Amino acid sequence: PHPLVRSMSIWTLSRVSAWLQDQQQDGEVTLNIECWRILIEALGDANKRVQLSAATALCKFIEVSGRNCSLQGDELKALVSAIFLALKCYQKRNMLILYDLIGAVVSVDGASLYFDSEAFQYWRSIAVSLVDRINAESIGDSSIFSLIEALMALLPLDSEGTLLDAGKRQEMNFKALNLAAQ
């Protein structure tokens with residue numbers, strides 16, 4: 001189909017995400033899983049409008065489902081892999097929503113990301129890619145704040161290797177933003 005049709009189809013999925021979440025019955029997640037798969041596949045689309053729609057829709061699905069996010073196992077690995085590949089090819093405008101998507105995925109279930117060795121390797125590669133982008137970006141560029149926020153979402157461990165609570169991570173974000181602003 002034409003890119004505009006793909007983009008609008010994805011937008012439509014995001015608009016009905018709350019309804020789809022309500023339709024999910026206990027133990028039955030097939031409809032949501034199929035939607036996740038479609039959106040994850042669309043992250044890698046060659047058209048930048050479709051990419052933007054897919055990343056926005058995934059953020060919306062995560063926001064709506066919250067802690068009840070049904071993304072696990074193979075779907076989680078596929079999403080992390082798609083984000084990693086998207087970091088290599090997205091244009092600047094779409095990177096902002098991709099940075100938000102990284103933060104959203106980690107905020108839903110960040111701890112389990114560190115216990116799945118395959119997903120962890122991708123997350124580590126994503127973190128390295130984000131650090132490389134910080135080095136390449138101009139400090140005066142407005143996207144640097146979203147970039148640092150995404151990176152900080154991936155680094156929730158303290159020096160002893162324990163997960164930080166949200167307040168401590170927020171404090172670290174402020175420190176990083178202050179450093180970037182200098």
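Quick notes on the rules
- Residues numbered from 1 in each chain as written.
- Predicted model: local features only at pLDDT ≥ 70, side-chain atom pairs only at ≥ 80, totals over all residues.
- Heavy atoms only, no water.
- Helix = DSSP H or I, 4+ residues; strand = E, 2+ residues; numbered from the N terminus.
- Buried < 20%, exposed > 50% of the residue type's maximum accessible area, 1.4 Å probe, protein only.
- Areas by Shrake-Rupley, 256 points an atom, 1.4 Å probe, with all protein chains shown as cover.
- Axes fitted to C-alpha atoms, helices over the stretch in contact; angles between N-to-C directions.
- Parallel < 35°, antiparallel > 145°, perpendicular 65-115°, else oblique.
- Contact = heavy atoms within 4.5 Å.
- Polar contact = N/O pair within 3.5 Å; in protein donor to acceptor, adjacent residues only side chain to side chain.
- Salt bridge = Lys/Arg side-chain N within 4 Å of Asp/Glu carboxyl O.
- Core = buried A, V, L, I, M, F, W, Y, C linked by side-chain atoms within 4.5 Å.
- Expected span 1.5 Å × (residues − 1).
- Patch = residues over 30% accessible without salt bridge, like charges linked within 9 Å, V, L, I, M, F, W, Y side chains within 5 Å.
- pLDDT = per-residue confidence, 0-100.

Turning our eyes to something else, we now look at the overall build of the protein. Each helix and strand in the protein was counted, giving 9 helices and 0 strands. Overall, the protein shows an N-to-C arrangement of helices and strands of α-α-α-α-α-α-α-α-α. Per-residue burial for the protein yields a buried fraction of 41% across its 182 residues. In the structure as shown, the protein presents an accessible area of about 10200 Å², 54% of it carried by carbon and sulfur atoms.

This brings us to the packing of helix α1 (residues 3–15) against helix α4 (residues 48–65). Any two packed helices are characterised by how steeply their axes cross, that is the angle between the axes, and by the distance between the axes. Taken N-terminus to C-terminus, the directions of α1 and α4 make an angle of 10°; their axes are 9 Å apart at the nearest point. Judged on the interaxial angle alone, α4 and α1 are roughly parallel. Residues Pro3, Leu4, Arg6, Ser7, Ile10, Leu13 and Ser14 of α1 pack against Arg49, Val50, Ser53, Ala54, Ala57, Lys60 and Phe61 of α4.

The topology assignment puts Asp45 in the loop between α3 (30–43) and α4. For Asp45, a relative accessible area of 16% puts it in the buried group. Engagement of the side chain of Asp45 in a polar contact is seen with the backbone nitrogen of Asn47, the distance being 2.8 Å. Non-local contacts of Asp45, meaning those with residues more than four positions away in its chain, are made with Arg6, Val50 and Gln51.

This next bit is on the pattern of salt bridges. A side chain of one charge can pair with a side chain of the opposite charge if their charged atoms are brought near each other. Summed over the entire model, instances satisfying the criterion amount to 1 salt bridge. One salt bridge connects Asp45 with Arg6, and the closest N-O pair in it is separated by 3.0 Å. With Asp45 in the loop between α3 and α4 and Arg6 in helix α1, the pair connects residues that are 39 residues apart, well separated along the chain.

Okay, the nonpolar core next. Counting 48 residues, the largest nonpolar core has Leu43, Ile83, Leu101, Ile102, Trp123, Ile126 and Leu130 as the members making the most contacts within it. Listing elements by their share of this core, those giving two or more residues are α1, α3, α4, α5 (73–89), α6 (92–113), α7 (117–136) and α8 (143–154). Those residues in contact with Leu130, other than ones at most four positions away along the chain, are Leu87, Tyr99, Ile102, Leu147, Ala150, Leu151 and Leu154.

For α4, which comprises 18 residues, the first-to-last C-alpha distance of 26 Å matches the rise-based estimate of 26 Å (1.5 Å per residue) to within 8%. Every buried residue of α4 is listed here: Val50, Gln51, Ser53, Ala54, Ala55, Ala57, Leu58, Cys59, Phe61, Ile62 and Ser65. Capping the start of α4 is the job of one residue whose side-chain oxygen sits 2.8 Å from the backbone nitrogen of Arg49: Asn47.

Among the structural elements, Val108 can be located in helix α6. Exposure remark for Val108: the relative accessible area of 13% places this residue in the buried category. The spatial distance from the C-alpha of Val108 to the C-alpha of Glu63 is 8.7 Å, given a sequence separation of 45 residues.

The grouping of Leu4, Met8 and Trp11 at the surface amounts to a nonpolar patch, some 310 Å² of accessible area in total. Examined against the element boundaries, Trp11 turns out to sit in helix α1.

Mapped onto the fold, Ile126 is located in helix α7. Along the chain, Ile126 and Ile102 lie 24 residues apart, while their C-alpha atoms are 9.2 Å from each other. Those residues in contact with Ile126 that lie beyond four places of it in its chain are Val80, Ile83, Phe84, Leu87, Ile102 and Leu154.

Of all residues in the protein, 68% have pLDDT values of 70 or greater, and the mean over the chain is 77. Per-residue pLDDT, averaged within each element of the protein, yields its smallest value for helix α9 (residues 166–181) (60) and its largest for α1 (92).

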